[in-house]
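These are the residues of each chain, in order.
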Amino acid sequence: ETTMAQFARPSADTSIGGYKDQADGVTNIYATIDETSPSDADYIKSALAPANAPYVTKLSAIEDPQSSSGHIVRYRYAKNAAGGAQIDLTVQLRQGYVNEGTPGTLIKEWTHTNISEAFTTQQQTLSAGEADSITDYSDLYLRFVANQV
């Protein structure tokens with residue numbers, strides 16, 4: 001059993017869709033969200049008025065912890081206050097994602113309705129069954145889907 005904490009962080013852009021980084025860059029935008037402690041100085045953003053717009057990042061490989069507990073997914077989000085529109089955000093932990101046509105296995109999904117313009121941190125703990133459904137810790141992805149309502 002691995003008792004030392006491990007952290008899988010964004011390690012590659014798998015599908016950027018219409019997303020950009022805070023400076024409107026489109027190359028290696030995962031690097032703006034891979035820090036060890038939250039920084040609101042850099043981030044990724046959807047296009048204005050997103051319509052079920054996905055962004056997917058591959059997570060760095062970690063060892064199978066041989067444990068069903070302590071699997072925590074952390075992420076931050078906010079919307080641009082200038083728009084004022086309602087934005088809903090869905091976050092998914094997936095294994096084996098290839099592309100939108102072959103999205104792999106959904107491990108867990110979280111939905112956030114009418115997100116705030118203030119940066120919000122989420123810390124989600126997987127159930128034992130959800131953690132046990134992960135069979136390859138080198139093939140995990142976070143998929144974010146923004147949608148203007």
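The preceding data block contains the structure.
Predicted, not measured: the structure shown is a model, and the values here were computed from it.

**A word on the sheet that holds strand β4 (residues 53-59)**
Alright, step 1. Overall, antiparallel pairing links the five strands, which are arranged β1-β4-β9-β6-β7 in an open sheet. A strand with exactly one partner marks an edge of an open sheet, and here the two such strands are β1 (10-15) and β7 (105-112). Direction aside, the axes of adjacent strands within the sheet are offset by 25° on average.

**Description of the environment of Ser-68**
Alright, step 1. Along the chain, Ser-68 falls in the loop between β4 and β5 (72-77).
Alright, step 2. A residue is classified by how much of its surface remains accessible, and Ser-68, at 28% relative accessible area, is partly exposed.
Alright, step 3. In this structure the C-alpha to C-alpha distance between Ser-68 and Thr-120, which are 52 residues apart in sequence, comes to 27 Å.
Alright, step 4. Beyond its immediate chain neighbours, meaning those up to four positions away, Ser-68 contacts Ser-127, Ala-128, Ala-131 and Asp-132.

**Some points on the pairing of strand β9 (residues 140-148)**
Alright, step 1. The buried fraction of β9 is high, at seven of nine residues.
Alright, step 2. Both β4 and β9 contribute to a ladder of six bridges, which runs antiparallel. Counterpart to Val-56 in the pairing with β9 is Arg-143.
Alright, step 3. Relative to β9, strand β6 (residues 87-95) runs antiparallel, the two sharing nine bridges.

**Looking at the packing of aromatic side chains**
Alright, step 1. For the coordinates displayed, the defined rule picks out seven aromatic pairs.
Alright, step 2. With centroids separated by 6.3 Å and ring planes inclined at 55°, the aromatic side chains of Tyr-43 and Phe-119 adopt a geometry described as tilted. Remark: Phe-119 occurs in the loop between β7 and β8 (120-125) and Tyr-43 occurs in the loop between β2 (20-21) and β3 (44-45); sequence separation between them is 76 residues.
Alright, step 3. Residue class for Phe-119 comes out partly exposed when judged on its relative accessible area of 36%.
Alright, step 4. Both rings, one in Tyr-75 and one in Tyr-77, keep their centres 6.3 Å apart while their planes meet at 35°; by these two values the pair is tilted.
Alright, step 5. We classify Tyr-75 as buried; its relative accessible area is 6%.
Alright, step 6. Members of the aromatic cluster, joined through ring pairs, are Tyr-19, Tyr-55, Tyr-75, Tyr-77, Trp-110 and Phe-144.

**Here's the deal with the pattern of salt bridges**
Alright, step 1. Going through the model one piece at a time under the given rule, you end up with four salt bridges.
Alright, step 2. In this structure, the salt-bridge partner of Arg-143 is Glu-100, at a minimum N-O distance of 2.5 Å. Of this pair, Arg-143 sits in strand β9 while Glu-100 is found in the loop between β6 and β7, placing the two residues 43 residues apart along the sequence.
Alright, step 3. Arg-143 sits in the buried class, given a relative accessible area of 14%.

**Looking at unusual backbone geometry**
Alright, step 1. In the Ramachandran plot, Asp-24 falls in the positive-phi region, its phi being about 70° despite a non-glycine side chain.
Alright, step 2. Take Asp-24: it is sitting in the loop between β2 and β3.
Alright, step 3. We classify Asp-24 as partly exposed; its relative accessible area is 45%.
Alright, step 4. Its identity is not glycine, yet Ala-49 carries a phi of approximately 50°, on the positive side.
Alright, step 5. Topologically, Ala-49 is positioned in the loop between β3 and β4.
Alright, step 6. Here Ala-49 falls in the partly exposed class, since its relative accessible area comes to 47%.

About the cut-offs
- Residues numbered from 1 in each chain as written.
- Predicted model: local features only at pLDDT ≥ 70, side-chain atom pairs only at ≥ 80, totals over all residues.
- Heavy atoms only, no water.
- Pairing = 2+ DSSP bridges.
- Helix = DSSP H or I, 4+ residues; strand = E, 2+ residues; numbered from the N terminus.
- Axes fitted to C-alpha atoms, helices over the stretch in contact; angles between N-to-C directions.
- Buried < 20%, exposed > 50% of the residue type's maximum accessible area, 1.4 Å probe, protein only.
- Contact = heavy atoms within 4.5 Å.
- Phe/Tyr/Trp six-rings, centres within 6.5 Å; stacked < 30°, edge-to-face > 60°.
- Salt bridge = Lys/Arg side-chain N within 4 Å of Asp/Glu carboxyl O.

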